[in-house]
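# Descriptive analysis of the structure
Letter by letter, the chains look like this.
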Amino acid sequence: MEEGTRTKKTVFVGGIGDEVDESVLLENFATFGDIIEVQIPLAPTNPSQQIETKHRGFAFVTYSSTADAQDAIDNMDLNELNGRVLRVNLARPMRGPTQGAGNRAIWESEDWLKQYAKPLSRSGGAALRARTREGSNGVEQGGEQYGEDHADADNAMEE
């Protein structure tokens, strides 16, 4: 075993079927040692639908000793349970969210804005906006003037 995984007592069990619950896992994994806990994370459900809750297809089994956990891995990895092949290995801690990752856009971070965002006066946006407004006045006065101003605004955006 790698350094840092010697004290691991929790195994990840992937590929479990919908009909598998804690009692099925307990029954099949208890032969390798004393089990402290069995967790099967539930899948997110739609609150408007009142159907039975389903799990996410994996579970965690925590043993009282690292040797028992290793025995479970050695004996159950790539074996079949209720017609499905299991993947069993040491559970790894969840990685924390990384800077800029997750559900937020990277430009929502104040640090990112301070480093990369330009003031409107330096970005060219103010001049473009002024020229676009002038062009919209030309629409009311005549189509040709609008066409020239609109083309200038488009060229400015491409630069």
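Quick notes on the rules
- Residues numbered from 1 in each chain as written.
- Predicted model: local features only at pLDDT ≥ 70, side-chain atom pairs only at ≥ 80, totals over all residues.
- Heavy atoms only, no water.
- Helix = DSSP H or I, 4+ residues; strand = E, 2+ residues; numbered from the N terminus.
- Buried < 20%, exposed > 50% of the residue type's maximum accessible area, 1.4 Å probe, protein only.
- Contact = heavy atoms within 4.5 Å.
- Areas by Shrake-Rupley, 256 points an atom, 1.4 Å probe, with all protein chains shown as cover.
- Pairing = 2+ DSSP bridges.
- Axes fitted to C-alpha atoms, helices over the stretch in contact; angles between N-to-C directions.
- Polar contact = N/O pair within 3.5 Å; in protein donor to acceptor, adjacent residues only side chain to side chain.
- Phe/Tyr/Trp six-rings, centres within 6.5 Å; stacked < 30°, edge-to-face > 60°.

Under an unreviewed UniProt entry, the name given to the protein is Peptidyl-prolyl cis-trans isomerase E, and the source organism is Sparassis crispa.

### As for the overall build of the protein
Tallying secondary structure elements over the protein gives six helices and six strands in all. If you list the helices and strands of the protein from N to C, you get β-α-β-β-α-β-β-β-α-α-α-α. Put simply, the protein has 159 residues, and 23% of those count as buried. Across the protein, every contact between residues at least 6 apart in sequence was considered, and the portion connecting residues at least 24 apart equals 63%. Within the structure as shown, the protein displays about 11,800 Å² of accessible surface, and the carbon and sulfur contribution to it stands at 48%.

### A closer look at the sheet that holds strand S1 (residues 10-14)
Spatial strand order, S2-S3-S1-S6: four strands in an open sheet with antiparallel pairing. Taken across any chain shown, the strands that pair with only one partner, and hence form the sheet edges, are strand S2 (35-39) and strand S6 (87-90). Taken pair by pair, the neighbouring strands of this sheet meet at an average axis angle of 20°, ignoring direction. Of the strand pairs in this sheet, S1 and S6 are connected by four bridges, and their pairing is antiparallel. Residue phenylalanine 12 lies in a different strand from S6, and its bridge partner there is asparagine 89.

### What to know about the side chain of histidine 55
In this structure, histidine 55 sits in the loop between S2 and strand S3 (58-63). Exposure remark for histidine 55: the relative accessible area of 12% places this residue in the buried category. Reaching out from histidine 55, the side chain makes a polar contact with the backbone oxygen of glycine 17 at a distance of 2.8 Å.

### As for the packing of aromatic side chains
One pass over the full model with this rule turns up three aromatic pairs. Relative to phenylalanine 60, the ring of phenylalanine 58 has its centre 5.7 Å away and its plane inclined at 80°; by these criteria the two rings are edge-to-face. Assessed through its relative accessible area of 21%, phenylalanine 60 is described here as partly exposed. Among the aromatic side chains, those forming a connected cluster through ring pairs are Phe12, Phe58 and Phe60.

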